[in-house]
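Structural overview for review
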Amino acid sequence: MAVGKIVTGFSKPYVALYAASSGTITYSSGQLLSQGVSVSGSADTADDNNFYADNVLAESANTTFTGGEVTLTVDGLLEAAEKLIMGLPTSSGGWMTYNDDQAVPYVGIGFIARYQSDGVVTYVPYVLAKCMFNQINTSAATQEENIEFQTQELTAKIFRGDDTKHAWKYVGDEEDTEAAAEAALKTKLGIT
């Protein structure tokens, strides 16, 4: 009896600067974003293009991905990753400065999803080809009797890539180990 493939984990969110030239997507300056807590994404598509004949739906053209949004929850954003995804100018006097010189870049976002099916665990690398992070919100709460662990939520817009087929998501092969999935992810994002 076949069983489904159940998601049992999320890890290793990476980012890399996006570029496209002559119909080919490339990545550079890739790095670990932080430690992953959760990820969720939504895809927007063009309206269905339906054709009716004899008073019934006779044909329907496939919908096309037009954009989307991804939300990453991480344990806390690493400073180097924050500078990269927010396009922050070089720190001055020990301060990261959000100002008119900020130039938020397009990036590729990668991560690993862990699955289990019939007792077998596998790891699958994903890359969202072209994204741009929204400005980062700041929130913190005072410590009371017990420490309340606080996470950071990041959102990014997902775009169609500028390659010849307008890739927006890549899904790698299932791997037996997280290390193998991470190696594939790093290769896709140009991280050596």
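Structure first, text after, so check above.
Residues numbered from 1 in each chain as written. Predicted model: local features only at pLDDT ≥ 70, side-chain atom pairs only at ≥ 80, totals over all residues. Heavy atoms only, no water.

**Let's talk about the nonpolar core**
Filter applied, for reference: Here the nonpolar core consists of buried residues drawn from Ala, Val, Leu, Ile, Met, Phe, Trp, Tyr and Cys, with membership extended through side-chain atoms lying within 4.5 Å. Each residue is assigned to one of three classes by its accessible area relative to the maximum for its type, calculated with a 1.4 Å probe on protein chains only: buried under 20%, partly exposed between the two thresholds, exposed over 50%. Secondary structure elements are defined from DSSP: runs of H or I of at least 4 residues count as helices, runs of E of at least 2 residues count as strands, and each element is numbered from the N terminus. We call two residues in contact when some of their heavy atoms are within 4.5 Å.
With 27 residues, the main nonpolar core has L33, I85, I109 and F133 as its most contacted residues. Elements with a contribution of two residues or more to this core: β1 (6-21), β6 (65-74), α1 (79-86), β7 (107-117), β8 (120-133) and β9 (152-159). Once residues lying within four places of it in the same chain are set aside, the contact partners of I109 are Y14, V15, V70, L72, Y126, V127, L128, C131, F133 and A156. In this structure, A16, Y18, A129 and I191 belong to the second largest nonpolar core, which totals 13 residues.

**As for the layout of surface pockets**
To keep things clear, this is the line we draw: Using protein atoms alone on a 1 Å grid, points that fit a 1.4 Å probe yet trap it form a cavity, whereas open point sets bounded by protein on both sides within 12 Å along at least five of seven lines form a pocket; residues with an atom within 4 Å of a point count as lining. Grid points are joined across faces, edges and corners, and a volume is the space filled by probe spheres set on the points. Under the grouping applied here, Gly and all other residues not named as nonpolar or charged are polar, the nonpolar ones being Ala, Val, Leu, Ile, Met, Phe, Trp, Tyr, Cys and Pro and the charged ones Asp, Glu, Lys and Arg.
Roughly 280 Å³ of internal volume is contained in the largest pocket. Taken together, 17 residues line the largest pocket, and the ones lying closest to its centre are V39, G41, F111, Y126 and K169. If you list the elements that add at least two residues to the lining of the largest pocket, you get β1, β3 (36-45), β7 and β8. In terms of residue count, β3 provides more of the lining of the largest pocket than any other element does, 5 residues in total. Residue composition of the lining of the largest pocket, grouped by class: 12 nonpolar, 4 polar and 1 charged. When its volume is computed, the second largest pocket comes out at roughly 240 Å³. Considering the residues around the second largest pocket, the lining is formed by D75, G76, E82, Y98, I136, N137, T138, S139, Q150, T151, Q152 and E153.

**Digging into unusual backbone geometry**
Of note in this structure, S29 is not a glycine but carries a positive phi near 55°. For S29, the position within the fold is in strand β2 (residues 24-32). Residue S29 is classed as partly exposed on the basis of its relative accessible area of 46%. In this structure, D118 is a non-glycine residue whose phi angle is positive, near 55°. By secondary structure assignment, the location of D118 is in the loop between β7 and β8. Residue D118 is classed as exposed on the basis of its relative accessible area, which comes to 62%.

**Overview of the packing of aromatic side chains**
For clarity, the threshold we go by: Centre distance within 6.5 Å is the pairing criterion for rings of Phe, Tyr and Trp, where only the six-membered ring of Trp is used; planes under 30 degrees apart are then read as stacked, over 60 as edge-to-face, and the remainder as tilted. Lysine and arginine charges are scored as sitting over a ring when NZ or CZ, respectively, is within 6 Å of the ring centre and within 35 degrees of the ring normal.
Under the counting rule described, the total for this entry stands at 6 aromatic pairs. The interplanar angle of 65° and the centroid separation of 6.2 Å between the aromatic rings of Y18 and Y27 together place this pair among those described as edge-to-face. Judged by its relative accessible area of 12%, Y27 falls in the buried class. Arranged with centres 5.3 Å apart and planes meeting at 10°, the rings of F111 and Y126 form a pair that is stacked. Of the two residues, F111 sits in strand β7 while Y126 sits in strand β8, which places them 15 residues apart along the sequence. For the pair formed by F111 and Y126, the shared burial category is buried. Every member of this aromatic cluster is reached through a ring pair, and the members are Y18, Y27, Y106 and F159. Over the face of the ring belonging to Y115 we find K5, whose NZ or CZ atom lies 4.4 Å from the ring centre. Cation over ring: K188 sits above Y170, and NZ or CZ is 3.8 Å from the ring centre.

Geometry only, nothing functional implied.
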